[in-house]
Amino acid sequence: MREDRSGLRFRPDVHPSAAHEGRRVRTTALDFDRRPILVFWETTRACLLACRHCRAEAQAAPVAGELSTDEGLALVESLEGFGRPAPVLVLTGGDVLMRRDLAGLIARARGCGVPVALAPSVTPLLTDERLSDLREHGVKVASLSLDGAVPGTHEGIRQVGGHYAATLAAIKRFRSHGFVVQVNTLVCAENVEELPQVARIVQTAGASIWELFFLVQVGRGTGMSELSPDQIEDVCHFLVDASRYGFIVRTVEAPMFRRVVEWRAEGRACVTGALYERLAEELAAKLGQPAGSPRAQTKGTRDGRGIVFVSSVGDVTPAGFLPIALGNVRERSIVEIYRDDPLLHDIRAARFSGKCGRCEYRDLCGGSRARAYAASGDPLAEDPACAYVPA
């Protein structure tokens, strides 16, 4: 969108009015000062893949000092301290399937009333026997990454031949075992034109959620290219369109998507660019005219607000892409760190500088704290990827 700061002109065949777009997906309000809704635990940095954008810079073997089984069980139990409803524990990596004690960790979480979701890698470890075992232990939701619509793009990012076909097969296998499947997709300059085709794959595969990770240049991702602010704005408009095809759309490190959702629901006039026009046209060509209302989630979470991350060695950070250690679970309770850390207080209170600090959407959006930190070294600075200029 090219911000004209007045009122928007929608092409009626592409931008339906708010009355026709229907309600957005909303959730029950939670006190993010008291508890997060998601706790990500990087259970290990070991992984058989070597993805070009990997935040964790994963490697073939675990790093020294990773949390032991007993320490992992203690971390799981500590989540009870947040009260009810308990946050969802997302077990990730590296590859979470590289943890030999995974079943025991999940069983302990279930005993504590802590829901568990998994973010495994697609490797030979992902067997039908393993999937059956995970379902028997009560895991209902799993996310898999698909970073392109053709083998060359996906495998160029994942660095493993044959991985594209293996990923499509894995999505089907998860569905056949009764999992709710989330497809994760990196958004960067290398694959942005393929997003409509990926949306078609998400729909055809029966995935329930499409979560798009907008590149932040951390870890191995420093060698890849981010989109410009205007391009990100175009992609956000495209994603509102995509959310009308039967799956929920969420973004990671692109909270400006919520502002775009808000504008579209209000029927405001937006000036979109050439990238949006291409993506929207291709989306309609691949999926036909949308039949449903938008399913774009707009929770006001951000790194450190409703979200917290635990590294493989126990360091607590606001999020996986924001590597500022606030403490370690070996020394302090994650509940205490989340509730009391001064930086998290500032993030949750939207005490930002630059245009993020004066923006009327700073509570709904707040900018990517990870990108602000990667760009300036200040996690409270403005997000340089946002095209909107507040009054």
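Residues numbered from 1 in each chain as written. Predicted model: local features only at pLDDT ≥ 70, side-chain atom pairs only at ≥ 80, totals over all residues. Heavy atoms only, no water.

1. Digging into the overall build of the protein chain
- Helix and strand counts for the protein chain come out as 14 helices and eleven strands.
- The buried share of the protein chain, taken over its 391 residues, is 56%.
- Here the analysis covers contacts within the protein chain between residues at least 6 apart in sequence; of these, 77% occur between residues at least 24 apart.
- Accessible surface computed for the protein chain: about 15200 Å², of which carbon and sulfur atoms make up 50%. (Helix = DSSP H or I, 4+ residues; strand = E, 2+ residues; numbered from the N terminus. Buried < 20%, exposed > 50% of the residue type's maximum accessible area, 1.4 Å probe, protein only. Contact = heavy atoms within 4.5 Å. Areas by Shrake-Rupley, 256 points an atom, 1.4 Å probe, with all protein chains shown as cover.)

2. Concerning the side chain of Gln182
- In this fold, Gln182 is placed in strand β5 (residues 180-187).
- The exposure class assigned to Gln182 is buried, which follows from its relative accessible area of 8%.
- A polar side-chain atom of Gln182 sits 2.6 Å from a polar atom in the side chain of Asn184.
- A polar side-chain atom of Gln182 sits 3.3 Å from a polar atom in the side chain of Glu211.
- Among all residues touching Gln182, those that are not within four sequence positions of it are Ala142, Ser143, Leu144, Ile209, Glu211 and Arg250. (Polar contact = N/O pair within 3.5 Å; in protein donor to acceptor, adjacent residues only side chain to side chain.)

3. Digging into the packing of helix α5 (residues 151-158) against helix α6 (residues 163-176)
- One way to put it is that α5 packs onto α6 with a least axis distance of 8 Å and a crossing angle of 100 degrees. In terms of orientation, α5 lies roughly perpendicular with respect to α6. Where α5 abuts α6, its residues Pro151, His154, Glu155 and Arg158 lie against His163, Tyr164 and Thr167.
- Grouping the constituent residues of the contact of α5 with α6 by class yields two nonpolar, three polar and two charged. (Axes fitted to C-alpha atoms, helices over the stretch in contact; angles between N-to-C directions. Parallel < 35°, antiparallel > 145°, perpendicular 65-115°, else oblique. Nonpolar A, V, L, I, M, F, W, Y, C, P; charged D, E, K, R; others polar.)

4. Structural notes on the packing of aromatic side chains
- Across all of its chains, the model carries seven aromatic pairs by this definition.
- Centre to centre, the rings of Tyr361 and Tyr388 are 5.9 Å apart; their planes meet at 70 degrees, and the pair counts as edge-to-face. Placement of Tyr361 in the loop between α13 (354-358) and α14 (369-376) and of Tyr388 in the segment after α14 is noted, with a sequence separation of 27 residues between them.
- Directly above the aromatic system of Tyr338 lies the positively charged group of Arg348, at a separation of 4.4 Å from the ring centroid.
- The aromatic ring of Phe352 is capped on one face by Arg369, whose charged end is 4.0 Å from the ring centroid. (Phe/Tyr/Trp six-rings, centres within 6.5 Å; stacked < 30°, edge-to-face > 60°. Lys NZ or Arg CZ within 6 Å of the ring centre and 35° of its normal.)

5. Comments concerning the nonpolar core
- Residues Leu91, Leu118, Trp210, Val235, Phe238, Leu239 and Ile334 are the most contacted members of the largest nonpolar core, which totals 102 residues.
- Among the elements that line this core, the one with the most residues is helix α8 (residues 229-242), at seven residues.
- In contact with Leu91, other than residues within four places in its own chain, are Trp41, Thr43, Val96, Leu102, Ile106, Val116, Ala117, Leu118 and Ala119.
- In this structure, Ile157, Leu186, Leu215 and Met224 belong to the second largest nonpolar core, which totals five residues. (Core = buried A, V, L, I, M, F, W, Y, C linked by side-chain atoms within 4.5 Å.)

The values are spatial; any link to function lies outside them.
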